[in-house]
Amino acid sequence: MAGLNPHEQPWAHPVRGDVPRADVFPQATPVGSDSPASAKPKPVSRAAPVGAAARPVAVETKGGPEFIRQREDEEKNLTEVAIENSPPWLISAAFHMVLLIVLGMLVVVVRRQDQVELEVETVYAEQIGEQLEFDPPLGKDMIEAIEEPVLTPDDLPEVDDPFAAPTMLAIQPDGTMATSDIAANQIGLALDGRQEGSKRSLLGRYGGNKTTETAVQRGLAWLARNQSNDGSWSLAGPYADGVPKDLDNAPAATAMALLAFQGNGITHKKGKFRKNVQLGWQWLLKEQDSDGNFYHEGPRNHRYYTQGQCTIAVCELYGMTKDPKYKEPAELAVQNCLDAQSPEGGWRYDPRADSDVSVSGWVIMALQSARMAGIEVPEDHFNRVARFLDKVSSHGGSRYAYQRGQSPSLAMTAEAILMRQYIGSRRDNPAMIEGMEWITSPGNLVNFKRGRNVYYWYYATQAAHHMEGDYWKRWNTVMRQVLPEQQIKRGRESGSWDPMRPTMDQWAPHGGRLYVTCLSIYMLEVYYRHLPIYTKVYTNLKKSGRTGRR
């Protein structure tokens, strides 16, 4: 036995109860053995271990060990013995365990046929119930009508007050009493509505939904895909329907793209597209000279459009992040704007020359962004703007022209009303109310089939948002549906708005696809991009704990 492998030896298993022992296995000669008869192997006698029925037993032969089995009629299967001597509860447990294993291995594949793909079909709230029906904007009905109540998540970090210099207002326990006729002489309008918790709440409260926000994200993705390697953007391309090369303006295009990202709460420090914002600002800051000016070459009429846009962008970024790197560029840009104000009170193509409502609107927004960021702007500059607006108004101050002596237009009226709101007009001002009635009349709402003018829509969206009430309801009910509907959903330009189709936008020759797309994104960010001027949003959000402060 010394020559056998120990791993081939038989072994015994103890079994409860009396188990009969098997007889000694007889010797077997290997089949086909060529050993001579005179060299018969010696028999191996060994008692079978208890319970080892039907187990192989090694038999030493000339050719090596051989395994044989005990006769079936003399063996008692070990499994049968175990079952016979096992208590009933153990058998039941074993049976149910096997059953659970078998059931657990069953896989049921269910293929849903009703999946909705956003790229294929846009679903509007009006088609799925009363989700977007609200009156008034901050009323109780609106809160119940949004897809689900959205509150600031508990784990958001503490934020600054949403108003940089809030007017003292009485707390209103009911959202239906959220508007007032206070003057807007101290705007104090900050950018905290763009923070994630506040953004989600304001989106629902002011009539936005998943459709509008999905359109914003698609637009931002298109902008990210069309950013140049150096971090800039272009009005000319690489996308389709850009402006001619001689009308390109990289600083303006870059500022407009950055404003779209920042309007969604994305900065160089946070957000899905923060790398794009980082690269954009690395490029744009290099364009600013020691006088704070961002524009150096190109069409003459672009200069203060560009300066206004770049100033808005840098002031917003500083206000949102308080990154000291952007404080001096913001202050220089603001001072450049202030120094260029004309004696008439507004801005136009050259410093201190003359004024028009169009350029003045961008610069006023820049100065307001400066105040949002905590940069001081002397009040006299706003008083001078008010006097200029008086000169270009008509119809008792309810309509406005591009320049003095010209006919009023919807675009200039919307832009002028927004400026009036920022420089202190009261919400109950009769002239402003009459102007908003004109803007929000059925024939003047967003319409891609006739009178397409994204510039007008951009300013009207902001003015109506600040006025709220019926004005905002009329405007937003159409805007929130038509604008996402016309966004490109497939192909290379997915996420943008075509400046030429279904009809040509009035600004297509001047700004092209990027211009039209950026202004459309701003419009769909309006729900949280700027807090309404005349509403006690801060008081109500603070009372509910949604600002993160008490």
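Residues numbered from 1 in each chain as written. Predicted model: local features only at pLDDT ≥ 70, side-chain atom pairs only at ≥ 80, totals over all residues. Heavy atoms only, no water.

## Considerations on the overall build of the protein chain
Broken down by element type, the protein chain carries 18 helices and four strands. Taking as baseline every contact in the protein chain between residues at least 6 positions apart, the subset at least 24 positions apart corresponds to 72%. Counting every atom, the protein chain has about 26500 Å² of accessible surface; 53% of that belongs to carbon and sulfur. (Helix = DSSP H or I, 4+ residues; strand = E, 2+ residues; numbered from the N terminus. Contact = heavy atoms within 4.5 Å. Areas by Shrake-Rupley, 256 points an atom, 1.4 Å probe, with all protein chains shown as cover.)

## Details of the side chain of Glu213
Its location among the elements puts Glu213 in helix α5 (residues 210-225). For Glu213, a relative accessible area of 15% translates into the label buried. Only 3.0 Å separates the side chain of Glu213 from the side chain of Asn264, close enough to count as a polar contact. If near-sequence neighbours (up to four positions away) are discounted, Glu213 is found in contact with Lys199, Leu203, Asn264 and Tyr528. (Buried < 20%, exposed > 50% of the residue type's maximum accessible area, 1.4 Å probe, protein only. Polar contact = N/O pair within 3.5 Å; in protein donor to acceptor, adjacent residues only side chain to side chain.)

## Notes on the packing of aromatic side chains
Under the counting rule described, the total for this entry stands at 14 aromatic pairs. An angle of 20° between the planes, with centres 5.7 Å apart, marks the rings of Trp362 and Tyr458 as stacked. Of this pair, Trp362 sits in helix α10 (residues 357-372) while Tyr458 sits in helix α14 (residues 454-467), placing them 96 residues apart in sequence. The exposure class of Trp362 is buried, given its relative accessible area of 2%. Judged by its relative accessible area of 3%, Tyr458 is buried. Among the aromatic side chains, those forming a connected cluster through ring pairs are Trp362, Tyr455, Tyr458, Tyr459, Trp507, Tyr515 and Tyr522. (Phe/Tyr/Trp six-rings, centres within 6.5 Å; stacked < 30°, edge-to-face > 60°.)

## Considering the side chain of Gln403
In this fold, Gln403 is placed in the loop between β4 (399-400) and α12 (410-423). Taking the relative accessible area as the measure of exposure, Gln403 reaches 17% and is therefore buried. Sequence-distant contacts of Gln403, that is, excluding residues within four places in its chain, are made with Arg348, Asp354, Ser355, Asp356 and Val392.

## What about helix α7 (residues 274-287)?
Along an α-helix, residues three or four apart share an orientation, since each turn contains 3.6 residues. Between the first and last C-alpha of α7 there are 20 Å, a value that for 14 residues agrees with the 20 Å anticipated at 1.5 Å per step. Looking at α7, one finds that the buried residues are Asn276, Val277, Gly280, Trp281, Trp283, Leu284 and Leu285. (Expected span 1.5 Å × (residues − 1).)

## Overview of the environment of Gly361
Tracing the sequence through the fold places Gly361 in helix α10. Among the residues examined, Gly361 registers a relative accessible area of 1% and is labelled buried. Placed 54 residues apart in sequence, Gly361 and Glu415 show a C-alpha to C-alpha distance of 6.2 Å. With residues up to four places along the chain from it excluded, the contact list for Gly361 reads Glu415, Met419 and Tyr459.

## Details of a nonpolar patch on the surface
Together, Phe95, Leu99, Leu100 and Leu103 line one region of the surface with nonpolar side chains, adding up to about 430 Å² of accessible area. With respect to the secondary-structure elements, Leu100 resides in helix α2 (residues 88-104). (Patch = residues over 30% accessible without salt bridge, like charges linked within 9 Å, V, L, I, M, F, W, Y side chains within 5 Å. Salt bridge = Lys/Arg side-chain N within 4 Å of Asp/Glu carboxyl O.)

## Side note on the packing of α14 against helix α16 (residues 508-524)
Relative to each other, α14 and α16 sit at 20°, their axes nearing to 9 Å. Classified by the angle between their axes, α14 and α16 sit roughly parallel to one another. Note on packing geometry: the crossing formed by α14 with α16 is left-handed. On α16, the residues that touch Val454, Tyr455, Trp457, Tyr458 and Thr461 of α14 are Tyr515, Val516, Leu519, Ser520, Tyr522 and Met523. The residue inventory of the contact of α14 with α16, partitioned by class, reads nine nonpolar, two polar and no charged. (Axes fitted to C-alpha atoms, helices over the stretch in contact; angles between N-to-C directions. Parallel < 35°, antiparallel > 145°, perpendicular 65-115°, else oblique. Left-handed = near helix turned anticlockwise from the far one by under 90°. Nonpolar A, V, L, I, M, F, W, Y, C, P; charged D, E, K, R; others polar.)

## A word on the packing of helix α6 (residues 250-263) against α16
Angle between the axes and distance between the axes: these two values describe a pair of packed helices. With their axes 9 Å apart at the nearest point, α6 and α16 run at an angle of 25° to one another. Here α6 lies roughly parallel to α16, going by the angle between them. Viewed along their axes, α6 and α16 form a crossing whose handedness is left-handed. Every residue of α16 that contacts α6 at Ala253, Met256, Ala257, Leu259 and Ala260 is listed here: Leu514, Tyr515, Cys518, Leu519, Ile521 and Tyr522. Here the residues of the contact of α6 with α16 are counted per class, giving 11 nonpolar, no polar and no charged.

## Quick word on the pattern of salt bridges
One pass over the structure, following the stated rule, counts 15 salt bridges. Asp380 is the salt-bridge partner of Arg384, the closest N and O atoms lying 4.0 Å from each other. Separated by four residues within a single helix, Arg384 and Asp380 lie in helix α11 (residues 379-391), roughly one turn from each other. Taking the shortest distance from any N to any O, the salt bridge between Asp498 and Arg513 comes out at 3.8 Å. Pair noted here: Asp498 is in the loop between α15 (469-485) and α16 and Arg513 is in helix α16, with a separation of 15 residues, a long-range link. Look at the salt bridges and you will find they share partners, linking Asp241, Asp498, Arg501 and Arg513 into a network.

## Considerations on the environment of Lys327
Structurally, Lys327 is set in helix α9 (residues 327-339). On the accessibility criterion, Lys327 (39% relative accessible area) is partly exposed. Taking the C-alpha atoms as reference points, Lys327 and Ile375, separated by 48 residues in sequence, lie 8.8 Å from one another.

## Notes on unusual backbone geometry
Geometrically, the link from Arg501 to Pro502 is a cis peptide bond, its omega value of 5° lying close to zero. Take Pro502: it is sitting in the loop between α15 and α16. A positive phi angle, close to 60°, is found at Asp241, a residue other than glycine. Checked against the element boundaries, Asp241 lands in the loop between α5 and α6. When its relative accessible area of 29% is taken as the criterion, Asp241 is described as partly exposed. A positive phi is found at Lys322, a non-glycine position, where the angle reads about 55°. Relative to the assigned elements, Lys322 resides in the loop between α8 (303-321) and α9.

## With respect to helix α13 (residues 430-439)
Looking only at α13, the buried set comprises Ala431, Met432, Gly435, Met436 and Ile439. Along α13, the residues classed as buried sweep out an arc of 135° about the axis, all on the same side. Packed against the buried residues of α13 are α12, α14 and α15. The backbone nitrogen of Ala431 lies 2.9 Å from a side-chain oxygen of the residue at the head of α13, namely Asn429. (Arc of directions from axis to C-beta.)

## A look at the confidence of the model for the protein chain
With 64% of its residues at a pLDDT of at least 70, the protein chain reaches an overall mean of 75. The model gives residues 1-75 a pLDDT under 50, and that stretch makes 87 contacts with residues more than four places away or in other chains. The low-confidence segment residues 112-189, where pLDDT is below 50, has 166 contacts with residues more than four positions distant or belonging to other chains. (pLDDT = per-residue confidence, 0-100.)

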